[in-house]
Amino acid sequence: MEKFVTLTSVAAPLPEADVDTDIIFPARFLLLLDKVGLGKHLFHERRHAPGGASTDFVLNTPPFDAAKILVADANFGSGSSREQAVWALSDFGIRCVIAPSFGEIFYSNCFKNGVLPVVLTGEAHRNAMSAAASGQPFVVDLESQTVMFPNGPAVPFEIDPYRKRALMLGLDEIGGILAEDADDIASFEARHRASQPWLFLDDGRLDQLFDETEPS
Amino acid sequence: MSAHTLYDKVWQQHVVKQYDDGTSLLYIDRHLVQEVSSPQAFAGLVAEDRKLVRPAAHIAVADHAVPTRLRHLPLPDGLASRQVARLQENCARFGVHYVGMNDNRHGIVHVIGPELGFTLPGATLVCGDSHTSTHGAFGAIAFGIGASECECVFATQTLRQKRQRTMRVTLNGALQPGVAVKDIILALIARIGTNGGVGHAIEYAGPAVATLSMEARMTLCNMSIEAGSRVGMIAPDATTIAYVRGRKLAPKPEQQAAAEAYWLSLASDADAVFDREVELDVSALVPHVSWGTNPGETAPVSSRIPDPALEADPARRAKMERSLHYMALQPGMRLDEIAIDKVFIGSCTNGRIEDLRLAAEVVAGRHVAPSVSGIVVPGSASVRLQAEAEGLDRVFIDAGFEWRDAGCSMCVAMNDDRLQPGERCASTSNRNFEGRQGQGGRTHLMSPAMAAAAAVSGHLVDVRSLKAAS
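Everything numeric in this text was worked out from a predicted model, so none of it was measured.

Considering the overall build of chain B
Secondary structure summary: chain B contains 17 helices and 19 strands in total. A compact globule built from 470 residues should have a C-alpha radius of gyration of about 23 Å, and chain B, at 22 Å, falls within 12% of that. Residues classed as buried in chain B amount to 67% of the 470 residues present. Looking at chain B alone, contacts between residues at least 24 apart form 76% of all its contacts between residues at least 6 apart. Total accessible area computed for chain B in this model is approximately 15,200 Å², and 51% of it derives from carbon and sulfur atoms. Between the averaged position of the 46 positive side-chain charges in chain B and that of its 50 negative side-chain charges there is a distance of 2 Å.

See below:
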């Protein structure tokens, strides 16, 4: 995973609450099998008029078409679990989203892809939104957990220590679990199987179900 | 010994280890795999040369992209066909059991998991789909995950997670005739907001929950994510046990007594403390419909569309204005005068047998309005067969509905079942987001009986007035 340490970029303002993952990445593009190259479908309906022409949506408008930061509003990324929403943002170039609150699965998906979601509320969020509109660059620094607005003070934000470390080091979470926790998982599994054996379907129930011929 | 909630009890039973940073490594018992969120997860295994550690913990099925008609024909070549084929290939390669499109066990993941007994009380269950909260109706910790987390479950059978805070939603009273569990969850979301449950695992409790069937409990838990909660749970009771008993993947006879005794022990202790409490008297509820572009923008069908000008919060006011513009509606309009073009009855929210019975009861002896076309899409092949055995297919067909094969269909519009730009739909699905049922389509969420009533009336209508008139 790409590391996230510090980021300096203009920030695109998107002052709209409840931007769900269907808006970020419409469902019909979920038929694509890859996670690369999805940026062209990001906010598809907002960026393209019905005939296909570009709209004046903020991410179509210089300098924000090159923004690596998006300042969004409450409940950004609510709705579906589609990680394509994050892949599309990342492919477009967005590495940091600032909002008062996020959809929970979207928030979690960001950390798997080197994208930093920053929660700013109240006055700090309002300042971020108006500072973004100026088109001057923000500085996001993960180590110190601050966002610096153009001509403004550094504003602190909260983040789980584990997620911060994973982003800063670009950790491979799965590799880490396999390397460090495999023995613990094996011994847990043995205990779990002893106490709730019905949870383990390698006892023949699954094979039996699928061996039955049920013509439709 | 302190008192514990249902969520705490199931969580504790699955903690492999606790890290110093407050996260836990959580063991995942079950994983439902579908075609949309799995290709990139399987590709990750291949790229890193990783094993899928426990094939018997997964069942795969294609539900989002599959057509709901002409299923005996090969899929037309295209993106959907390739996505379904990819799932099948990945399952063969990694030894995962795959349910084919024309198999009698086929259906939407969240419908077939419970039907097969794959969904069990006290388990942890995940799927790359946000409506995985459905399975919490059985007292499982069940939540939607992204593709990266699907890959983690394939490779490690675990996820690194932070324990959620808990919220108890106590439902008091009894529903009035014509009012459904869908109205409860829509009213709840309207009350607490679409992010009202973020960070919380919801437990639904109280006298109104105790009387609900498993089908109704699944509808309730299904839409927890629309209130922002990944997890919605209900404590296992006699209703749960009666549903699970005898299912193909239920505990073997010699394990049954121990399993059931354990499941009944999972109920929240009487003095357990929740981080947040919400109460709702359901006896005062009336049928609800959504008017905007998120499920929180919902109101009683007898009311009028709210006026954004009266909303004090500027962000919320702007959102309301945007919603009304997209929906082509005016403040002050009566909801029950909104004319519709399409009706969709189905989805993981309301595609179960009980839902079809409730809709058929309204439709019987009536006909879909001339300006309306409607489709009924059972949640699974098993639901379809049961409905056909009961003659419900005839009721719908005689009334002018199309009767389809199972799948997600017009809830997510990834197959051919979609609205045209500007079309307006009365839908039993879970999301009324912009474009959700097709680019430019307009969705009104409601219960199956309400959608059936809208179909025969040509406009949104209180199903109870229809009953009185007939």
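So, the environment of L264 of chain B
All names here are of chain B. Position of L264 relative to the elements: it lies in helix α10 (residues 253–264). Separated by 148 residues in sequence, L264 and L116 place their C-alpha atoms 21 Å apart. Every residue in contact with L264, bar those within four places of it in the chain, is listed here: P236, D237, A238 and I241.

A closer look at the side chain of N430 of chain B
Residue and element names in this part refer to chain B. Here N430 shows up in the loop between β18 (424–427) and β19 (442–445). Looking at N430, the relative accessible area reads 0%, which means it is buried. A distance of 3.5 Å separates polar atoms of two side chains, one belonging to N430 and the other to H131. Here T349 takes part through its side chain, which lies 2.9 Å from a polar atom of the side chain of N430. Excluding its chain neighbours within four sequence positions, the residues that come into contact with N430 are H131, N222, M223, E226, P295, C348, T349, C411, R436 and L445.

Things to note about the sheet that holds strand β8 (residues 154–156) of chain A
Residues and elements named next belong to chain A. Ordered by their spatial adjacency, four strands build an open sheet running β1-β6-β7-β8, and the pairing between neighbours is antiparallel. The open sheet has two edge strands, β1 (6–9) and β8, and neither has a second partner. The sheet shows a mean angle of 15° between the axes of neighbouring strands, direction not considered. Both β1 and strand β6 (residues 138–141) contribute to a ladder of four bridges, which runs antiparallel. When the bridges of β6 are listed, L7 appears paired with V140.

A word on helix α4 (residues 109–116) of chain B
Most of α4 of chain B sits out of view: eight of its eight residues are buried. Among the residues of α4 of chain B, those classed as buried are V109, H110, V111, I112, G113, P114, E115 and L116 of chain B.

A short note on the sheet that holds strand β8 (residues 158–161) of chain B
All names here are of chain B. Read from one edge to the other, the open sheet built from three strands follows the order β1-β2-β8, with strand pairing classed as antiparallel. Two strands lie at the open edges of the sheet, namely β1 (15–18) and β8, each paired on one side alone. Strand-to-strand, the axes of this sheet are offset by a mean angle of 20°, without reference to chain direction. In the sheet, strand β2 (residues 24–27) pairs with β8 via four bridges, with the strands oriented antiparallel. Among the inter-strand pairings, L26 is bridged to a residue of β8, identified as L159.

Here we look at the state of the cysteines
Applying the stated rule across the entire model yields zero disulfides over all chains. Unpaired in terms of disulfides, C110 of chain A finds its nearest cysteine sulfur in C96 of chain A, a separation of 9.2 Å. In this structure C425 of chain B is a free cysteine whose sulfur lies 10 Å from that of C411 of chain B, the closest cysteine sulfur available.

Topic: the confidence of the model for chain B
Within chain B, residue pLDDT values average 96, and 99% of them lie at 70 or more. Predicted complex, confidence summary: ipTM 0.96, pTM 0.97.

Things to note about unusual backbone geometry
Peptide bonds are trans in most cases, and residues, glycine excluded, mostly fall at negative phi. In this model, P62 of chain A is joined to P63 of chain A through a cis peptide bond whose omega is 0°. Within the secondary structure, P63 of chain A is located in the loop between α2 (44–47) and β3 (69–71).

Examining helix α5 (residues 147–156) of chain B
Residues and elements named next belong to chain B. Extensive coverage of α5 is indicated by the burial of 10 of its 10 residues. Buried within α5 are the following residues: A147, S148, E149, C150, E151, C152, V153, F154, A155 and T156. Among the residues trailing α5, Q157 stands out with phi positive, at a value near 65°.

A look at the layout of surface pockets
Taken as a whole, the second largest pocket spans an internal volume of roughly 640 Å³. Looking at the second largest pocket, it is lined by 26 residues, and the ones nearest its centre are E45 of chain A together with Y326, G435, Q439 and G440 of chain B. Breaking the lining of the second largest pocket down by element, the ones donating at least two residues are α1 (21–24) and α2 of chain A together with α11 (314–327) of chain B. For the lining of the second largest pocket, the element with the most residues is α11 of chain B, which contributes three residues. Broken down by class, the residue content of the lining of the second largest pocket amounts to 10 nonpolar, seven polar and nine charged.

Looking at the nonpolar core
In terms of nonpolar packing, the biggest core is built from 133 residues, with F43, F76, L116 and F138 of chain A together with F396 of chain B touching the most fellow members. For this core, the leading source of residues is helix α16 (residues 448–457) of chain B, giving eight residues. The contacts of F396 of chain B, once residues within four sequence positions are left out, are I345, L356, A359, A360, V363, V376, F401 and W403 of chain B. Counting residues in each nonpolar core, the second largest holds 89 residues, with I174 of chain A together with A137, V153 and M167 of chain B among its members.

Overview of empty space enclosed by the protein
For the structure shown, the criterion picks out four cavities of 30 Å³ or more. In this structure, the largest cavity spans a volume of roughly 280 Å³. Along the wall of the largest cavity there are 29 residues; nearest its centre are S80 of chain A together with Q34, H64, D129 and V412 of chain B. Those elements that place two or more of their residues in the lining of the largest cavity are α3 (84–92) of chain A together with α4 and α12 (347–350) of chain B. The class makeup of the residues in the lining of the largest cavity is 10 nonpolar, 13 polar and six charged. One number sums up the size of the second largest cavity: a volume of about 130 Å³. Surrounding the second largest cavity, 19 residues form its lining, S78 and G79 of chain A together with T194, I225 and G228 of chain B being those nearest its centre.

Cut-offs applied
- Residues numbered from 1 in each chain as written.
- Chains lettered and ligands numbered in written order.
- Predicted model: local features only at pLDDT ≥ 70, side-chain atom pairs only at ≥ 80, totals over all residues.
- Heavy atoms only, no water.
- Helix = DSSP H or I, 4+ residues; strand = E, 2+ residues; numbered from the N terminus.
- Rg over C-alpha atoms; globule rule 2.2 N^0.38 Å.
- Buried < 20%, exposed > 50% of the residue type's maximum accessible area, 1.4 Å probe, protein only.
- Contact = heavy atoms within 4.5 Å.
- Areas by Shrake-Rupley, 256 points an atom, 1.4 Å probe, with all protein chains shown as cover.
- Lys, Arg positive; Asp, Glu negative; His and termini not counted.
- Charge placed at Lys NZ, Arg CZ, Asp CG, Glu CD.
- Polar contact = N/O pair within 3.5 Å; in protein donor to acceptor, adjacent residues only side chain to side chain.
- Pairing = 2+ DSSP bridges.
- Axes fitted to C-alpha atoms, helices over the stretch in contact; angles between N-to-C directions.
- Disulfide = S-S within 2.5 Å.
- pLDDT = per-residue confidence, 0-100.
- 1 Å grid on protein atoms, 1.4 Å probe; cavity = no way out; pocket = protein on both sides within 12 Å on 5 of 7 lines; lining within 4 Å.
- Points joined across faces, edges and corners; volume = space filled by probe spheres on them.
- Nonpolar A, V, L, I, M, F, W, Y, C, P; charged D, E, K, R; others polar.
- Core = buried A, V, L, I, M, F, W, Y, C linked by side-chain atoms within 4.5 Å.

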